[in-house]
Amino acid sequence: MDHINEQDGGEWELRSKRFGATLRGVLFKGLPDVVNEHLHHWHEKLVLSWIEEKEDLKILDVGCGYGRLSIPIIKKFADVDITGLDISENYVRLYKENTHHPAFVGAIENIPAELRAFDYIICVTVLMYLPKEKLSQAVSNLLFHLKPNGKLILIEPHSSGIPFQTGFGIWACVRNRFWQDSIHTRGRSFRMKEIASLFSNAAGKIISECRLPITSLFFLPMALIGKYSPEGTARKIFRIIFSLDSLLGGLKLPSIYVAYLIARNRIKT
């Protein structure tokens, strides 16, 4: 685990061993499974919609976890050459078992040079866990490992959704008072235009964005529905919310997540 912060790697190792190949290990630890499934389906839909089929398709899944996003990619693109990268040795082991594809232990700011270049790099809720001083290096590495026409699919938390996620601060107070967790992998959200600035400085450009506005607006009610309602009822309600998000996702509305499709700027000759 060279070049990996031992504390960060250790926390994710603990988290991977506690939750295994489940969504609570890689999304929200405290949310009901049906809510995490809803969020995962949005991630999955975005990723699959932005990948174009081509010959010799090569993809890197950064922060691959147990393979939750690689598995649907493999199902859709049977001949894909996909590789996982994660700072947790246990997640790398689970990824190999679940996908039957290679994976490496490594950090995003030090992607192994031998992995070379990819048509697509998937990076979902990874930058949020990096200290600010490592963000520029991580972004540069992601763009460096893209082929000239390659694309980065990035999904990160957005500051505009935080008030809805925390109930305007109420949930954070309750959680800190009554819920103590021994695993600390808490991340951060990104401010307006912060992602665009990071990639612009590294010669990258955002070519498409998508948001999750209705889920964000009803985030806490969804958590309560997921906890206290039958799963079948919750899923019916969430399908309606999912459809509304699909209709409104292109608008610049408050959102707990923002998905970005990013390309390298071509150097003019």
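Predicted model only: the values in this text are computed from it and were never measured. (Residues numbered from 1 in each chain as written. Predicted model: local features only at pLDDT ≥ 70, side-chain atom pairs only at ≥ 80, totals over all residues. Heavy atoms only, no water.)

(A) Focus on the confidence of the model for the protein. On average, the protein scores 89 in pLDDT, and the residues at 70 or more come to 88%. Taken as a whole, residues 1-7 scores under 50 in pLDDT and shows 13 contacts with residues more than four places along the chain or in a different chain. The model gives residues 177-185 a pLDDT under 50, and that stretch makes 17 contacts with residues more than four places away or in other chains. (pLDDT = per-residue confidence, 0-100. Contact = heavy atoms within 4.5 Å.)

(B) Structural view of helix α12 (residues 231-248). When the terminal C-alpha atoms of α12 are compared, their 25 Å separation across 18 residues agrees well with the 26 Å that a helix rising 1.5 Å per residue should span. Turning to α12, its buried residues number three or more, namely Ala234, Phe238, Ile241 and Asp245. Burial along α12 is one-sided: seen end-on, the buried residues are contained in an arc of 60°. In α12, those exposed residues whose orientation departs by more than 90 degrees from the buried face are Lys236, Arg239, Ile240 and Leu247. For α12, the secondary structure elements touched by its buried residues are α3 (33-50), β6 (204-211), α10 (213-217) and α11 (219-228). (Helix = DSSP H or I, 4+ residues; strand = E, 2+ residues; numbered from the N terminus. Expected span 1.5 Å × (residues − 1). Buried < 20%, exposed > 50% of the residue type's maximum accessible area, 1.4 Å probe, protein only. Arc of directions from axis to C-beta.)

(C) Just the environment of Ala117, in detail. Following the sequence through the fold, Ala117 ends up in the loop between β3 (103-105) and β4 (118-124). Owing to a relative accessible area of 24%, Ala117 belongs among the partly exposed residues under this scheme. Each C-alpha atom, one on Ala117 and one on Leu143, is 9.3 Å from the other, the two residues being 26 residues apart in sequence. The contacts of Ala117, once residues within four sequence positions are left out, are Lys58, His145, Leu146 and Lys147.

(D) Seen up close, unusual backbone geometry. Positioned with a positive phi, His100 is a non-glycine residue whose angle comes to about 60°. In this fold, His100 is placed in the loop between α5 (89-99) and β3. With a phi angle near 60°, Arg116 is a residue other than glycine that sits in the positive phi range. Relative to the helices and strands, Arg116 resides in the loop between β3 and β4. Among the residues examined, Arg116 registers a relative accessible area of 64% and is labelled exposed.

(E) Region of the structure containing the pattern of salt bridges. Tallied over the full model, the rule gives 11 salt bridges. Its salt-bridge partner being Asp119, residue Lys147 comes within 3.4 Å of it at the nearest N-O pair. Of this pair, Lys147 sits in strand β5 (residues 146-157) while Asp119 sits in strand β4, and the two are 28 residues apart along the sequence. A relative accessible area of 4% places Asp119 in the buried class. (Salt bridge = Lys/Arg side-chain N within 4 Å of Asp/Glu carboxyl O.)

(F) Looking closely at a nonpolar patch on the surface. A surface patch of nonpolar side chains, about 320 Å² in accessible area, is lined by Ile240, Leu244 and Leu247. Of note, Ile240 is situated in helix α12. For Ile240, a relative accessible area of 55% puts it in the exposed group. (Patch = residues over 30% accessible without salt bridge, like charges linked within 9 Å, V, L, I, M, F, W, Y side chains within 5 Å. Areas by Shrake-Rupley, 256 points an atom, 1.4 Å probe, with all protein chains shown as cover.)

(G) Expanded view of the environment of Glu97. Structurally, Glu97 can be placed in helix α5. Owing to a relative accessible area of 43%, Glu97 belongs among the partly exposed residues under this scheme.

(H) View of the environment of Pro32. Looking at where Pro32 falls in the secondary structure, it is placed in the loop between α2 (23-26) and α3. On a C-alpha basis, the gap between Pro32 and Leu224 in space is 8.7 Å, while along the polypeptide they are 192 residues apart. If sequence neighbours within four positions are ignored, Pro32 has contacts with Arg24, Ala223, Gly226 and Lys227.

(I) Quick look at the sheet that holds β5. Within the open sheet, the 7 strands sit side by side as β3-β2-β1-β4-β5-β7-β6. Their pairing is mixed. With one partner strand each, in any of the chains shown, β3 and β6 form the two edges of the open sheet. Taken over all neighbouring pairs, the strand axes of this sheet differ in orientation by 20° on average, direction set aside. For β4 and β5, the ladder comprises 6 bridges, and the chain directions are parallel. (Pairing = 2+ DSSP bridges. Axes fitted to C-alpha atoms, helices over the stretch in contact; angles between N-to-C directions.)

(J) How the structure looks around the nonpolar core. Membership of the largest hydrophobic core comes to 49 residues, with the highest contact counts inside it found for Ile51, Ile59, Ile73 and Ile122. Counting residues per element, this core draws most heavily on α3, which supplies 8 residues. The residues touching Ile73, leaving out its near neighbours within four places in the chain, are Val47, Leu48, Ile51, Ile59, Val80, Ile82 and Ile122. Counting residues in each nonpolar core, the second largest holds 29 residues, with Met128, Leu142, Leu154 and Leu198 among its members. (Core = buried A, V, L, I, M, F, W, Y, C linked by side-chain atoms within 4.5 Å.)

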